[in-house]
Amino acid sequence: MKPELSIAIISGILTLLASFFVAMYQARTEFQKMVEQLEQKYTTSLFEKRLEAYPLLYKLLHELNNDIEYNTQNKQQLIGFQKDYDNWIASHAILLTPAIGKLVWGYHHYLIDILGQFPDEPLPEEKWIEIRNIQTTLGKFLRSELGVYDTQAAGSPELEKPYVKEIIGKLRQSSRKIRSRFGY
């Protein structure tokens, strides 16, 4: 065989192999980009679903907390809350992260336990305080998972103005009375 023909064949094979490896690399890179885009889309979609579901639970918690804070709670309200809470779980628990899932399911079992401990009598004040404090913590977890604490606001209030400081001082005095009732 002529050396020119051998060189042409070897050169052609090397070019073919190089093209093959370049094509494989490009295909893998494109595939990886597609996977990353799908993951990003999934993450965004899941976050949007949580953004729809978590405020509903936050509202349930807040309403019962208001009744407890105004000292207008009764056991029937807790039973109604438990039903609404269980309905929320049935519809939205699939969206929970492991961290908030532990709280949500733990609180579910706690409510069953509390209502079972006092079947024919009102709940003592310390149990209402415990319920309120658990719900406050759960609400903070919901807000945290949605990024409410970490997201910068579009504008920032001017807290250093004298009239704002005066108002905040008055609010703190009132809130100290409420907070002392709930142990914080």
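Everything that follows concerns the structure shown earlier in this document.
Residues numbered from 1 in each chain as written. Predicted model: local features only at pLDDT ≥ 70, side-chain atom pairs only at ≥ 80, totals over all residues. Heavy atoms only, no water.

Glancing now at the nonpolar core. Core analysis: the largest hydrophobic core is formed by 32 residues, its most contacted members being Leu78, Phe81, Tyr85, Trp88, Val104, Tyr107 and Ile131. Of all the secondary structure elements, the ones that give two or more residues to this core are α1 (3-69), α2 (75-92), α3 (98-117) and α4 (125-145). Take this core: its biggest share by element is eight residues, from α1. Those residues in contact with Tyr107 that sit more than four places away from it in its chain are Leu61, Phe81, Tyr85, Ile131, Ile134, Gln135 and Leu138. (Core = buried A, V, L, I, M, F, W, Y, C linked by side-chain atoms within 4.5 Å. Buried < 20%, exposed > 50% of the residue type's maximum accessible area, 1.4 Å probe, protein only. Helix = DSSP H or I, 4+ residues; strand = E, 2+ residues; numbered from the N terminus. Contact = heavy atoms within 4.5 Å.)

Our next topic: the layout of surface pockets. Once rolled over the atoms, a probe with the size of a water molecule shows which space is left empty. Reported here for the largest pocket is a volume of approximately 230 Å³. Lining of the largest pocket is provided by 14 residues; of these, Tyr58, His62, Asn65, Arg132 and Thr136 occupy positions nearest its centre. Looking at the lining of the largest pocket, the elements with two or more residues in it are α1 and α4. (1 Å grid on protein atoms, 1.4 Å probe; cavity = no way out; pocket = protein on both sides within 12 Å on 5 of 7 lines; lining within 4 Å. Points joined across faces, edges and corners; volume = space filled by probe spheres on them.)

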